[in-house]
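Here are the chains, one letter per residue:
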Amino acid sequence: MGLVLRSWAANEAAKHCAVVVWVAVSAWLFWRTFRLFSSGPQYYYLHQMLGLGLCISRASASVLNLNCSLVLLPMCRSILTVLRGTQQVNSRKARRLLDKSKTFHVVCGVSICVFSVVHVCAHLVNAVSFSVRYSDDFPALNVAQHRGQDPRILILTTVPGITGVILVLILFLMFTASSYSIRVCNYEIFWYTHNLFILFYIILMLHVVGGALKYQTNVDTHPPGCIRTNQTNSSSYTSSNQVPETQTKAELKEMPHITVCKEDAHFQHHFPQTWLWVTAPLCLYCAERLYRYIRGSAPVTVVSVIRHPCDVIELRMLKSGFKARPGQYILLNCPSVSSFENHAFTLTACPTQNKETFGIHIRVLGDWTECLSELLFPALNHSEILPIMHQRTYPKLYVDGPFGTPSEEVFNYEVSVCVAGGIGVTPFACVLHTLLGGWSQYRLRRLYVVWVCRELQCFYWFANLLCDLHHKLWEENRPDYLNIRLYLTNTQQLQSFSEERFRPLSSRLLIGRPRWKDIFGEIGQSNQHKKVGVFCCGPKSVSRELHKLCNSFSASGTVFEYNKESFS
Amino acid sequence: MGKIEWAMWANEQALASGLIYLTGGIVGVAGQLKGWEYAAFGIAAGVFVCLLEYPRSKRAKGTNYERTGQYCFTVCVKAFGPLTSNYYVRAFLHAALCVPGGFMLATVLGCVCLGMASLIYLSAAIHGEHWQPIMPKSEPAKSVTQSIKHPPQNPPPRPPAEMRRKRAEDLESAAYVNPLPVTANE
């Protein structure tokens, strides 16, 4: 039991702590603002007019301020990549929290929607209150022009009202286009509506300028609830304080907690607090986008294009000043195919001291990749005779990145297990490529590679790489460093590698789906009392099963830490 | 790049606006605010829109993502035939349903959101899309190949026990050989 708890805590505790902290901060902010508006003396008259609607709308506005500023931070990808790289500064626990940045962005976004609904409802109630409880004593407090004015006119003719309506519409568009099915099926709708966020923030800055809610500035000279000397005000204080006209001023002074006003109440707009919350993250995000735009504006040189079996193309490119770590990915843009689409591909070869080119493996599935492959391999069935010095003209490509992923942590564990499904092997191929250049300088002492594919031909993508690394490690007397397991799920015919040079792979090829519990049990036995990093890049079902297994593993004192790779 | 399916987005919007319309209607009726008849209409319209929009349409190309338990709704919506599969009809229906919401403060938001969904449906209809039900696939029964139906009745013929035994002086004429060559461990 204790071991299961330890596994669960190693995997889930940090995430849940972060969420608890965020919830606590939001709740405290809500409560503090609520108390301020319900019992603060400077809001006494306003509270009398508006009631509970005032407190709820202001409290939800303060939580909205917090979330609107936090929601931008997880999307500053270059900054997060740099944070990931500074390994001396951060602990691995903090870096693992960075893996969940997209989830945190979604959580903040959902809470923005929820609190916007609360805020809008409260302000609708306020609009009705402004109209019904029009104050004759303090005309400066009013937003309505006369008693009983239609609240819809109030909403549509004030700056906060009309900007609020536009904000809600933009939020509605963004929220409805962000569901999982739309992101998978029509990514463009999601991308273009989500870029409306910049309009959202600009209108948000205008929304808070309107200043419909005012606070009283002279609370010391005009304590709330005091009586004016010249008139009896039956509407400005509760009936228990009502003073009949016959009482003299002297008698009034004797009565406790009834004071005479020295001057009339003055009211003033708030300073727009939202500007303080939102400006810094917005500037940071805009700076990062500008930096990415400048960095990605130089086209890359295509060095070679290689066709692999099972519809995979390897693209080798060269770009000056491009540095990447294994496990990172890039965003590829090809204007000849589509001007605005950026597609993510993991690097399979990073630039090193000896070789400056970097490479990606592209699986052709979908219209963008099909167009790209047609441009890279023009149709070969034309009969014209090519001149001898025929220059292959490749389309212009732009590369944005590299961006960090959880797979960068493979080298920081003593033992790592890399589980790949099909083309998901690309981040681990980059790891293997880097190990070819030298393995002793990393903390990694043992690497398990479990690669599951449907077709035998798929293994040929990296068969050479696997065999080369296997031979190198055998020569250097580290046979236990690399453990390869290949699984072929297509059980139609008995297949194996026929080539002699792929002998190490053919003996490690297994037919059928892998049994994860057995594999983990075996790895646990060989690595007792160690912390093993599990990296998965594959279908959701495999990922879910591995995550559950990591959370509940309790044999042999080994703790499996789960790291999941995800793009969209 | 590829064809954008507007109907999918319009469907999400319409479902969300149906819920907002419903909520606004409930608030209006519960608070007995001025014009609560419009709020009551808002409740009915909101429920109707949610029921109509719950089943997702089948995509022209690609995998379908059903909503949980949408099969019974699919059957009901399919029964109305061209009334529900044509998106022009849906666009005008939503536009008509949203108008009464504008007369009351609580349902104003639902009115505006449903209006936007109606516009996106119009765009989908102009692009030639229409609603198709997602029916569960009936798997054809796996046809067993001929050879398995009639397994052999008799064992294969083999020589008598005398000949089968491997004799030391006559290894060549033994009736069996080792199927795999025995080599050193890899």
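Residues numbered from 1 in each chain as written. Chains lettered and ligands numbered in written order. Predicted model: local features only at pLDDT ≥ 70, side-chain atom pairs only at ≥ 80, totals over all residues. Heavy atoms only, no water.

Peer 1: Any details on the overall build of chain B? Residues and values, ideally.
Peer 2: Scanning chain B from N- to C-terminus turns up eight helices and zero strands. When the elements of chain B are put in sequence order from the N terminus, they spell out α-α-α-α-α-α-α-α. Within chain B, the fraction of its 186 residues that count as buried is 34%. Intrachain contacts of chain B at a sequence separation of at least 6 include 72% that bridge at least 24 residues. Within the structure as shown, chain B displays about 12,100 Å² of accessible surface, and the carbon and sulfur contribution to it stands at 66%. (Helix = DSSP H or I, 4+ residues; strand = E, 2+ residues; numbered from the N terminus. Buried < 20%, exposed > 50% of the residue type's maximum accessible area, 1.4 Å probe, protein only. Contact = heavy atoms within 4.5 Å. Areas by Shrake-Rupley, 256 points an atom, 1.4 Å probe, with all protein chains shown as cover.)

Peer 1: An account of the UniProt feature "transmembrane region" (unreviewed entry) in chain B is requested, with residue identities and associated values reported.
Peer 2: All names here are of chain B. Annotation from UniProt places "transmembrane region" (unreviewed entry) at residues 12-32, 38-56, 68-89 and 101-122. End C-alpha atoms of residues 38-56 are separated by 29 Å, and the span's content is 84% helix alongside 0% strand. For residues 101-122, the helix share is 68%, the strand share is 0%, and the end-to-end C-alpha distance is 20 Å. (UniProt positions renumbered as here; feature names shortened; annotations may be inferred.)

Peer 1: Give me the packing of aromatic side chains: which residues, what numbers.
Peer 2: All names here are of chain A. Overall, the coordinates contain 35 aromatic pairs over all chains when judged by the stated rule. Pairing tryptophan 439 with tyrosine 481 gives two aromatic rings, centres 5.3 Å apart and planes at 55°, and the pair type is tilted. One end of the pair, tryptophan 439, is in the loop between α15 (426-436) and β10 (446-453); the other, tyrosine 481, is in the loop between α16 (463-475) and β11 (482-488), with 42 residues separating them in the sequence. By the burial criterion, tryptophan 439 is buried, and tyrosine 481 matches it. Both rings, one in phenylalanine 553 and one in phenylalanine 560, keep their centres 4.7 Å apart while their planes meet at 85°; by these two values the pair is edge-to-face. (Phe/Tyr/Trp six-rings, centres within 6.5 Å; stacked < 30°, edge-to-face > 60°.)

Peer 1: Requested: an account of the sheet that holds strand β9 (residues 415-421) of chain A, with residues and values cited.
Peer 2: Residues and elements named next belong to chain A. Taken together, the six strands give an open sheet; going across it, the order is β12-β11-β10-β9-β13-β14, and neighbouring strands pair in parallel fashion. In this open sheet, the two strands that pair with only one neighbour each are β12 (509-511) and β14 (559-564). Adjacent strand axes in the sheet meet at a mean angle of 20° when their direction is disregarded. Sheet topology note: the β9/β10 ladder contains seven bridges and is parallel. Residue pairing across strands places valine 415 opposite arginine 446, the latter belonging to β10. (Pairing = 2+ DSSP bridges. Axes fitted to C-alpha atoms, helices over the stretch in contact; angles between N-to-C directions.)

Peer 1: Pulling in residues and values, what's your account of empty space enclosed by the protein?
Peer 2: Any empty space left between atoms is shown by rolling a water-sized probe over those atoms. All names here are of chain A. Within the structure shown, the criterion is met by one cavity of 30 Å³ or more. Approximately 30 Å³ is the volume found for the largest cavity. Val425, Phe428, Ala429, Leu432, Val449, Trp451, Phe462 and Leu466 together form the lining of the largest cavity. In terms of residue count, α15 provides more of the lining of the largest cavity than any other element does, three residues in total. Looking at the lining of the largest cavity, its residues break down into eight nonpolar, no polar and no charged. (1 Å grid on protein atoms, 1.4 Å probe; cavity = no way out; pocket = protein on both sides within 12 Å on 5 of 7 lines; lining within 4 Å. Points joined across faces, edges and corners; volume = space filled by probe spheres on them. Nonpolar A, V, L, I, M, F, W, Y, C, P; charged D, E, K, R; others polar.)

Peer 1: Can you break down a nonpolar patch on the surface residue by residue, with the values?
Peer 2: All names here are of chain A. A contiguous nonpolar surface patch, about 390 Å² in accessible area, is contributed by Val106, Val110, Val114, Val118 and Phe175. Looking at the nonpolar patch element by element, the count peaks at four residues for helix α6 (residues 101-132). Structurally, valine 106 can be placed in helix α6. (Patch = residues over 30% accessible without salt bridge, like charges linked within 9 Å, V, L, I, M, F, W, Y side chains within 5 Å. Salt bridge = Lys/Arg side-chain N within 4 Å of Asp/Glu carboxyl O.)

Peer 1: Pulling in residues and values, what's your account of a positive patch on the surface?
Peer 2: Residues and elements named next belong to chain A. Positive charge collects at one region of the surface, where Lys100, Lys102, Lys540, Arg544, Lys548 and Lys564 lie side by side. By residue number, the principal contributor to the positive patch is helix α19 (residues 540-552), which donates three residues. Within the fold, lysine 100 resides in the loop between α5 (92-98) and α6. Overall, lysine 100 belongs to the partly exposed group, its relative accessible area being 31%. (Lys, Arg positive; Asp, Glu negative; His and termini not counted. Charge placed at Lys NZ, Arg CZ, Asp CG, Glu CD.)

Peer 1: Could you give an account of the sheet that holds strand β6 (residues 343-349) of chain A, naming the residues involved and the relevant values?
Peer 2: All names here are of chain A. Taken in spatial order, the six strands line up as β3-β4-β7-β6-β5-β8 and close into a barrel, and their pairing is antiparallel. The mean inter-strand angle of the sheet, taken between neighbouring strand axes irrespective of direction, is 45°. Summarising the sheet, strand β4 (residues 312-318) and strand β7 (residues 358-363) pair through six bridges and their orientation is antiparallel. In the sheet register, methionine 317 faces β7, and the bridge partner there is phenylalanine 358. Packing of helix α13 (residues 273-295) onto the sheet brings it into contact with β5 (329-333) and β8 (397-403), and relative to β8 it is tilted by some 135°. Where α15 meets the sheet, it contacts β4, β6 and β7, and its direction lies at approximately 25° from that of β6.

Peer 1: Could you give me a rundown of the interface of chain A and chain B, with the residues and numbers involved?
Peer 2: Chain A puts 29 residues into the contact, and the matching count from chain B is 25 residues. Of the roughly 2,300 Å² buried where chain A meets chain B, counting both sides, 73% is carbon and sulfur surface. Contact with chain B buries surface across chain A, with Arg152, Phe172 and Cys185 of chain A losing the most and accounting together for 24% of the total. Scanning the region where chain A abuts chain B turns up zero salt bridges. The interface formed by chain A and chain B contains six residue pairs in polar contact (both at pLDDT 80 or more). Looking at the side of chain A that touches chain B, the elements that each hand over two or more residues are α6, α7 (151-157), α8 (159-176), α9 (180-185), α10 (187-194) and α14 (367-376) of chain A. For the side of chain A that touches chain B, the class distribution of residues is 18 nonpolar, six polar and five charged. (Buried area = accessible area lost by both parts, 1.4 Å probe. Polar contact = N/O pair within 3.5 Å; in protein donor to acceptor, adjacent residues only side chain to side chain.)

Peer 1: Any chance you could break down the nonpolar core for me, citing the residues and the numbers?
Peer 2: All names here are of chain A. Counting 41 residues, the largest nonpolar core has Leu435, Leu447, Trp451, Phe459, Leu486, Phe497 and Leu505 as the members making the most contacts within it. For this core, the element with the most residues is α16, which contributes six residues. Residue contacts for leucine 447: discarding those within four places in its chain leaves Val410, Ser416, Cys418, Val431, Leu432, Leu435, Tyr481, Leu482 and Asn483. Judged by nonpolar contacts, the second largest core, of 26 residues, contains Val302, Met317, Ala324 and Cys350. (Core = buried A, V, L, I, M, F, W, Y, C linked by side-chain atoms within 4.5 Å.)

Peer 1: Break down the state of the cysteines for me, citing the residues and quoting the values.
Peer 2: Evaluation of the coordinates by the stated rule reveals zero disulfides over all chains. Cysteine cysteine 286 of chain A is unpaired, with the sulfur of cysteine 283 of chain A as its nearest cysteine sulfur at 6.7 Å. (Disulfide = S-S within 2.5 Å.)

Peer 1: Outline a negative patch on the surface, listing residues and values.
Peer 2: Residues and elements named next belong to chain A. On the surface, a cluster of negative charge is made up of Asp311, Asp367, Glu370 and Glu374. Assignment of secondary structure puts glutamate 374 in helix α14. The class for glutamate 374 is exposed, based on a relative accessible area of 57%.

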